[in-house]
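Tertiary structure, described
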Amino acid sequence: VGGLPLPLPPQHDQRRCRADVAVDRMLNDVVHRPGSHEALYVALRRHTEALSLRNAATALFSLAHLDAEVSVSATGAPSRHNTSPFVDNDGHGGPRAAAASRRLPHTTPQAVAAERGLASRLQRLLVAGDELPPRTYSDLMSALAKMAQREPFNILVDPLCERAADVASSFRSRDAATVLWGIASLDLTERQRRMLLDAVCPIVKARASDGEFSILDLAQSIWSSAKLDAIRELGMHDVALTLIKAASGKAHEFKPHSISVSIWALGMMEGLHRDPAVKRFADDLIAAAMAAAPKMNPQMVSNCAWGAARMSVPPGPFYDVIATAATEQLLERKPALTDQHVANVVWAYAKVEVRSYRALKHMVAVSEEVCRPNRLSNMQSHHIAGIVWSFARAFIPDQESAAGKDLLPPPVQAAIALAATSAQEGLSSWEPRMLAWVMWSVARASLQEQSRSLFPQVVERFSHLPPKDMALQDFTMISWALATVEMYRGDVPGIEALTGTVLEKIRSGSADDLHGSFLAVIAWSCAKADLRGPAGELIRSIAELAGRSAAGSRGQGRLWSERHLTMVAWSIVVHRQYSQAAARFVRDAYIAGVGCYRRAAASGDGRGRGGEGASLPYIDQLAIVRLALLRDTDLAALAPLPEQWAGHVPMLEATGVAMVRESLLQKDVESTLFKLGWKDRLQSEAVLENGLTVDCVLRPLSSPIGTAAERNRSAHSITRAP
């Protein structure tokens, strides 16, 4: 009629609709979980342009699943059924496929064409705005993250972020948790992350607060919050606290994987460590980890140890349980055990100063593994450096660093020596910081031969770095190592150039109060090694910075402890860097140090385990400073010591302070004297009137003169002392 076509009967539309649905289901079945990459690529080449958004999304899920299977095979990780998109085995969290995806079969012309066709089709459909259930967008983000958004699928990121943000208010708890994980895992622009976080975080908090999150959702989202907080995204502490409160009392329900990533995440978020709710949840997780440790794989054990150490979980049964599990995995040579896992566990022991039998036994087992033929040559520099740093830190307490070699089991000593050789061989290719770590470890272990060979070469390498690449931490380790093994300026050409670089950093404001411990050690090292050139000005500059900090923090939180202030004062005295300001600093630091001892004695906190004890100055350094203030006329003229502070330095017996531990040789000497019947006359770790410290003194029966013995590395001396 009028030249217009007649309308089709309703039955025709219904039949066509049913046919379209049938075709859509058929296509979905074709691309859903094919047997191989090749089978999927064949299906895509035939049907890509007919795929709906739902079909194309299914194809991407299938491709991500196939990638994951090949990734597991390529890396030797155990296959495990887990629907969580955040499982990983790389020691840092995140999708495991990121590193292995480059080895997958994507490079044939047929594969490239099929993947480009799928990516292009998905992009057009996402931009066109076809409606799908919210779950589809969260799953698409999960698939893209598992594939490390590799080409050609990186073109999907922007339209997917737009669509996910639009439908975020409709997300269920599982969808919200998955999208938050995707934000943490994908390499998004700042705009994309902020757009998604603004849309998703309120949903995450609301669903978690209402109790809708499963245990898996809670663990996954806590991990995601920590990852995002690490890149300084705003609001993550608030999200994490909401999730932690929702998880409170449920730690016993967490599976081993959820326990491990949650402990790792809490370790990352240092800003939350003092919150009572976080502390309670952490305690519950630690208890759950102890029960689940035998079921954990190497990644999980590594996460638990690393996270617990970051949270400052004190030495105790937890670390013994972890040590038992880690040792079994090491001896069985589990295929999923990586050098990063090994390094994380031993680092945790060193960080918290765990020195139990099981922990040290594990470290000896690691050292034996490291010493196997060709083992070090197959390790990366940061793993070598991290492991030997942990050995030196764990086996040798700070107070016994001068007796390092005596305290190391032979396999540990051999491992550190081998690391020194590897560092020399990789001198030009290693990251400079890793060289500094090995240098510090060799010095702490008192390996003189390796020190003489390695240290000048490391200093030479650092001397050629641009000034911006010289970190205070690195110079601290280098200077401490030189001073500890008694290598002086003539032994190490180039050290003055490094000292000048650090001085310029301090003058330019690159160093602040947060570097107090580094700066104190630098000053001590410059004085101990008798460095010249810019070293004197460097010590004075550090003293000026420390003095300003001490004056400005009275009545507030202290950024420089009395121990660090005394170290700087000692450095000024030994290096004789006297000026009016420096002399006043020495006097004020001494008064603060003695006051610290008096408060410790009054409170009973004199063991160095917390409160005042944690910042007590080293008694020998304080005694030297006192001697200079009383006997050095140049110093006394610039800063007279008030009479009320001129008395003796409090003795160790009076304060109950155990600042120094005995070496093995000292114990042998004392044991012999006991057997000779001189136990009642023996005094250990005595500070003499002249400010010198000695390992032991035989007090006289009637004469005012006694016999003192002092061990200094491989030499010892016997003298008559008052």
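Keep in mind that this is a model prediction, so the values were computed, not measured. (Residues numbered from 1 in each chain as written. Predicted model: local features only at pLDDT ≥ 70, side-chain atom pairs only at ≥ 80, totals over all residues. Heavy atoms only, no water.)

Some remarks on the overall build of the chain
For the chain, the helix and strand inventory stands at 32 helices and four strands. Buried positions account for 53% of the 722 residues belonging to the chain. By sequence separation, contacts in the chain at least 24 residues apart represent 73% of the contacts at least 6 residues apart. Counting only carbon and sulfur atoms, one obtains 53% of the accessible surface of the chain, whose full area is about 32,400 Å². (Helix = DSSP H or I, 4+ residues; strand = E, 2+ residues; numbered from the N terminus. Buried < 20%, exposed > 50% of the residue type's maximum accessible area, 1.4 Å probe, protein only. Contact = heavy atoms within 4.5 Å. Areas by Shrake-Rupley, 256 points an atom, 1.4 Å probe, with all protein chains shown as cover.)

With respect to unusual backbone geometry
Here the residue pair Glu 151 and Pro 152 is connected by a cis peptide bond, since its omega of 5 degrees sits within 30 degrees of zero. By the element assignment, Pro 152 lies in the loop between α6 (134–146) and α7 (157–166). For Ala 148, which is not a glycine, the phi torsion comes out positive at approximately 55 degrees. Note on placement: Ala 148 falls in the loop between α6 and α7.

Overview of the packing of helix α17 (residues 357–370) against helix α20 (residues 410–425)
At a minimum axis distance of 8 Å, the contact between α17 and α20 shows a crossing angle of 45 degrees. Taken together, the axes of α17 and α20 lie oblique to each other. As α17 packs across α20, the resulting crossing turns out to be left-handed. Judged by residue contacts, Val 364, Ser 367, Glu 368 and Val 370 of α17 engage Pro 411, Val 412 and Ala 415 from α20. (Axes fitted to C-alpha atoms, helices over the stretch in contact; angles between N-to-C directions. Parallel < 35°, antiparallel > 145°, perpendicular 65-115°, else oblique. Left-handed = near helix turned anticlockwise from the far one by under 90°.)

Concerning the side chain of Arg 193
Along the chain, Arg 193 turns up in helix α9 (residues 190–209). When its relative accessible area of 15% is taken as the criterion, Arg 193 is described as buried. The residues contacting Arg 193, other than those within four sequence positions of it, are Ile 183, Leu 188, Leu 228, Ile 231 and Glu 233.

Some thoughts on the confidence of the model for the chain
Chain-level pLDDT for the chain is 83 on average; 80% of the residues reach the 70-or-more range. With pLDDT under 50 throughout, residues 1–6 is counted as low confidence; its partners more than four residues away or in other chains account for zero contacts. Between residues 651–661, whose pLDDT stays under 50, and residues either more than four places distant or in other chains, the model counts 31 contacts. (pLDDT = per-residue confidence, 0-100.)

Section: the environment of Ala 636
Relative to the assigned elements, Ala 636 resides in helix α30 (residues 633–638). Classification of Ala 636 as partly exposed rests on a relative accessible area of 23%. Sequence spacing of Ala 636 and Arg 587 is 49 residues, and the spatial spacing of their C-alpha atoms is 9.1 Å.

Description of the nonpolar core
Core analysis: the biggest nonpolar cluster contains 224 residues, and Ile 416 and Phe 455 have the highest contact counts within it. No other element matches helix α28 (residues 580–603), which puts 11 residues into this core. (Core = buried A, V, L, I, M, F, W, Y, C linked by side-chain atoms within 4.5 Å.)

Remarks on the packing of aromatic side chains
If you walk through the whole model with that rule in mind, you get eight aromatic pairs. Through a chain of ring-to-ring contacts, the aromatic side chains of Trp 223, Trp 264, Trp 306 and Trp 347 assemble into a single cluster. Between Arg 563 and the ring centre of Tyr 618, over which it is positioned, the NZ or CZ distance is 4.8 Å. (Phe/Tyr/Trp six-rings, centres within 6.5 Å; stacked < 30°, edge-to-face > 60°. Lys NZ or Arg CZ within 6 Å of the ring centre and 35° of its normal.)

As for helix α2 (residues 37–47)
Those residues of α2 lying buried are His 37, Leu 40, Tyr 41, Ala 43 and Leu 44. Summarising the axial view, the buried residues of α2 lie within an arc of 160 degrees, below the 170-degree limit, and thus occupy one face. (Arc of directions from axis to C-beta.)

What to know about the pattern of salt bridges
Evaluated as defined, the whole model comprises 34 salt bridges. The partner of Arg 121 in a salt bridge is Glu 49, with the nearest N and O atoms 4.0 Å apart. Taken together, the residues span a long stretch of sequence, with Arg 121 in helix α5 (residues 109–128) and Glu 49 in the loop between α2 and α3 (53–75) at a distance of 72 residues. Classification of Arg 121 as buried rests on a relative accessible area of 15%. When the shortest N-O distance is used, the salt bridge between Arg 372 and Glu 369 registers 2.7 Å. Several salt bridges share partner residues, and in doing so they unite Arg 333, Asp 339, Glu 369, Arg 372 and Arg 375 into one network. (Salt bridge = Lys/Arg side-chain N within 4 Å of Asp/Glu carboxyl O.)

Quick look at the packing of helix α27 (residues 562–575) against helix α29 (residues 619–631)
α29 packs onto α27 with a crossing angle of 45 degrees between their chain directions and a minimal axis gap of 9 Å. It follows from the interaxial angle that α27 and α29 lie oblique. By crossing handedness, the relation of α27 to α29 is classed as left-handed. When α27 is examined against α29, the residues Thr 566, Met 567, Ala 569, Trp 570 and Val 573 are found in contact with a partner set consisting of Gln 621, Leu 622, Ile 624, Val 625 and Ala 628.

Things to note about α7
Most of α7 is tucked away, with seven of its 10 residues classed as buried. Burial in α7 covers these residues: Val 157, Pro 159, Leu 160, Cys 161, Arg 163, Ala 164 and Ala 165. Where the residues of α7 are buried, they touch α5, α6 and α9.

Brief notes about the environment of Ala 113
Following the sequence through the fold, Ala 113 ends up in helix α5. Judged by its relative accessible area of 47%, Ala 113 is partly exposed. Measuring from C-alpha to C-alpha, the distance between Ala 113 and Leu 44 comes to 9.3 Å, with 69 residues separating the pair along the chain.

A word on the environment of Ser 517
As for its position among the elements, Ser 517 is in helix α25 (residues 516–528). With relative accessibility at 33%, the residue Ser 517 sits in the partly exposed group. For the pair Ser 517 and Gln 473, spaced 44 residues apart in sequence, the C-alpha separation works out to 9.6 Å.

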